[in-house]
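# Descriptive analysis of the structure
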Amino acid sequence: MTERKQKYHPRTQLVHGGTTRSQFGELSEAMYLTQGFAYDSAEQAEARFISCPDNEFIYARYGNPTVRMFEDRIAMLEGAEAAFATASGMAAVNAALTAPLKAGDHVVAAKALFGSCLYILEDILPRFGVEVTFVDGTDLGAWEKALRADTKIVFFESVANPTLEMIDVEAVCKLAHDVNATVVVDNVFATPVLSRMLERGADVVVYSATKHIDGQGRCLGGVILGSREFVRGTCETYLKHTGGSMSPFNAWVMLKGLETMDLRVRAQADNAMQIASALQGHEKLETVIYPGLADHPQHDLCKAQMQAGGTVIALVLKGGQAEAFRMLNALDIVTISNNLGDAKSLVTHPSTTTHQRLSDEQRAELGIGDGLVRLSIGLEDAGDLIQDLKNALSAV
Ligand SMILES: *Cc1c(COP(=O)(O)O)cnc(C)c1O
């Protein structure tokens, strides 16, 4: 069944891809809530431990039929040979970076990163003798200068959180491949609906499934996609022995989330475009940052690399923290929360929450000022959201 569905378009794959059925022929994907698997004989157990085929299982930390359906479905969407589902987005990022590296290796990463990704690169990897060079991800010259013959991994977010800087994925991959480095992309903000990284030259793509894949704020999850060798060899071996696997229950939620992800992400991006346009030039705002707007510094790259501007908008208020807090506290529909990609529109003040850990200098360098507000646009009526945001801005 997996093979047969490969030829269909993404929206068909998101509904049917990877489905396997038990002897009962259940229509909706079954949730195999089991840690272990019973063997017919001692010989069968022995054989499975020697070599376990894709459709046979040993223990849920290694693999589970519901988790495998989720992995196969998202692998088809992304056009990847293999996928491994993880307990959270950070388990995926950690494994994709830690599993292939050893002391003495060199990594080049963009410096505009999700706080926990930055922690792995800045604090954990150097403790084990890995050298990490950070660059301004939008500066191709800086990538070229930082890459070396011993660079093993290149890491970046295709659209950075929360400043929505975009990276020229094809150009950076080309530079990285010139030194034989493996390119690992965190594609959470761009989503697999709007931009597929492997098609653009990346070797590995990681997602926090917690965001758009679930899309309704229920479960944590993550996934690593890439070649069979990297995912099933390097990462799976590391993850199955260190405990970062996804639970079957969460995999079932994510599997059902994939069925509607294309519709949700496109509707959310459409809402975001309407809202960004409506707020542009507002008297209380310094700028509206949204890759879909013509005045975004990388709007041309957005058009080339993404099918829409995404589901996140950054607003820079005139003033600072006091003005931002007044706006957040005056919102009625848009809820204060640091999640994103949810059906509910959410707002966060990065400098006092998600990026609080950074030094003042780091925040200044990344453009995360006290007036910056991040909006994750949901599925509500765009007119209601625009009215809510305008009301809140008038309270500033
Ligand atoms: C949320 C997020 C993560 C981490 O995902 P979790 O599921 O919360 O562990 C990593 N990268 C980016 C860009 C994110 O937005």
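Rules used throughout
- Residues numbered from 1 in each chain as written.
- Predicted model: local features only at pLDDT ≥ 70, side-chain atom pairs only at ≥ 80, totals over all residues.
- Heavy atoms only, no water.
- Helix = DSSP H or I, 4+ residues; strand = E, 2+ residues; numbered from the N terminus.
- Buried < 20%, exposed > 50% of the residue type's maximum accessible area, 1.4 Å probe, protein only.
- Contact = heavy atoms within 4.5 Å.
- Pairing = 2+ DSSP bridges.
- Axes fitted to C-alpha atoms, helices over the stretch in contact; angles between N-to-C directions.
- Phe/Tyr/Trp six-rings, centres within 6.5 Å; stacked < 30°, edge-to-face > 60°.
- Polar contact = N/O pair within 3.5 Å; in protein donor to acceptor, adjacent residues only side chain to side chain.
- Arc of directions from axis to C-beta.
- Domains from an automatic or database assignment.
- Buried area = accessible area lost by both parts, 1.4 Å probe.
- Salt bridge = Lys/Arg side-chain N within 4 Å of Asp/Glu carboxyl O.
- Near = heavy atom within 4 Å.
- Areas by Shrake-Rupley, 256 points an atom, 1.4 Å probe, with all protein chains shown as cover.
- Nonpolar A, V, L, I, M, F, W, Y, C, P; charged D, E, K, R; others polar.
- Right-handed = clockwise from strand over helix to strand, strands pointing away.

## Concerning the overall build of the protein
Scanning the protein from terminus to terminus reveals 15 helices and twelve strands. Along the first, second and third principal axes, the C-alpha set of the protein runs to 75 × 50 × 35 Å. Residue burial in the protein is summarised as follows: out of 396 residues, 55% are buried. Restricting the contact set of the protein to residue pairs at least 6 apart, pairs at least 24 apart contribute 72%.

## Describing the sheet that holds strand β12 (residues 372-376)
If you walk across this open sheet you meet the five strands as β8-β9-β12-β11-β10, and the pairing is mixed. Pairing within the sheet leaves two strands with one partner each, and these edge strands are β8 (285-289) and β10 (335-336). The sheet contact formed by strand β11 (residues 346-348) and β12 spans three bridges and is antiparallel. Counterpart to Val 347 in the pairing with β12 is Leu 375. Sheet contacts for helix α11 (residues 248-279): β8 and β9 (312-317); angle to β9, the most-contacted strand, approximately 15°. Of the strands in this sheet, β9, β10, β11 and β12 are in contact with helix α13 (residues 321-330), which crosses β9 at around 130°.

## Some points on the packing of aromatic side chains
This structure, assessed with the given rule, holds two aromatic pairs. With a centroid separation of 5.8 Å and an interplanar angle of 70°, the aromatic rings of Trp 143 and Phe 156 are classed as edge-to-face. With a gap of 13 residues between them, Trp 143 in helix α7 (residues 140-146) and Phe 156 in strand β4 (residues 151-157) connect regions that are remote in the sequence. Trp 143 sits in the buried class, given a relative accessible area of 0%.

## Some details on the side chain of His 212
Inspection of the secondary structure assignment puts His 212 in the loop between β6 (204-208) and β7 (222-226). In terms of polar contacts, His 212 uses its side chain to reach the side chain of Thr 311, at 2.8 Å. His 212 has contacts with Val 188, Thr 191, Met 261, Arg 264, Val 265, Thr 311, Leu 340 and Gly 341, leaving out every residue within four places of it along the chain.

## Considerations on α13
All of the buried residues in α13 are Ala 324, Met 327 and Leu 328. End-on, the buried residues of α13 take up no more than an arc of 100°, which puts them together on one face. The inward-facing, buried residues of α13 abut β9, β10, β11, β12 and α15 (382-394).

## Examining the sheet that holds β6
Taken in spatial order, the seven strands line up as β1-β7-β6-β5-β4-β2-β3 in an open sheet, and their pairing is mixed. Both edges of this open sheet fall to β1 (82-86) and β3 (131-135), since each of them pairs with a single strand only. When strand polarity is set aside, the average angle formed by the axes of neighbouring strands in this sheet is 20°. Relative to β6, strand β5 (residues 182-186) runs parallel, the two being bridged by three bridges. Each residue of the ladder has a partner; that of Val 184, found in β6, is Val 204. On top of the sheet, helix α4 (residues 65-78) reaches β1, β6 and β7; it is set at about 130° to β1, its chief contact.

## Focus: the environment of Ser 41
Tracing the chain through its elements places Ser 41 in the loop between α2 (10-16) and α3 (42-50). Take Ser 41: its relative accessible area is 28%, and that puts it in the partly exposed class. Among the polar contacts listed, one links the side chain of Ser 41 to the backbone nitrogen of Gln 44, at a separation of 3.0 Å.

## Some details on the domain arrangement of the protein
Partitioning the protein into domains gives domain 1 (2-257) and domain 2 (262-394). Between domain 1 and domain 2, the C-alpha centre-to-centre distance is 27 Å. Each side of the interface is counted separately: domain 1 has 39 residues, and domain 2 has 39 residues. Summed over both sides, the interface of domain 1 with domain 2 buries roughly 3,200 Å², with 59% coming from carbon and sulfur. In this assembly, domain 1 and domain 2 are joined by two salt bridges. We note a salt bridge from Arg 11 to Asp 262, for which the minimum N-O separation is 3.9 Å. Taken together, domain 1 and domain 2 are joined by 16 residue pairs in polar contact (both at pLDDT 80 or more). Of all the elements in the fold, those that place two or more residues in the side of domain 1 that touches domain 2 are α2, α6 (115-127) and α9 (191-194). With five residues, α6 is the largest single contributor of residues to the side of domain 1 that touches domain 2.

## A short note on the site of the ligand
The full set close to the ligand counts 13 residues, and Gly 89, Asp 186, Ser 208, Thr 210 and Lys 211 are the nearest of them. Between the ligand and Ser 208 there is a distance of 2.7 Å, counted from an oxygen atom to a side-chain nitrogen or oxygen. Thr 210 places a side-chain nitrogen or oxygen 2.6 Å from an oxygen atom of the ligand. Burial of the ligand by the protein amounts to 92% of the accessible area it has alone, namely 380 Å². Class assignment of the residues belonging to the shell around the ligand gives a composition of five nonpolar, five polar and three charged.

## A short note on the pairing of strand β2 (residues 106-110)
In terms of burial, β2 is a largely internal element, five of the five residues being buried. The two faces of β2 match: His 106, Val 108 and Ala 110 on one face and Val 107 and Ala 109 on the other face are all buried. The pairing of β2 with β3 spans five bridges and is parallel. Residue pairing for β3: Val 107 is matched across the bridge by Val 132. Viewed along the sheet, the connection from β2 through α6 into β3 turns out right-handed.

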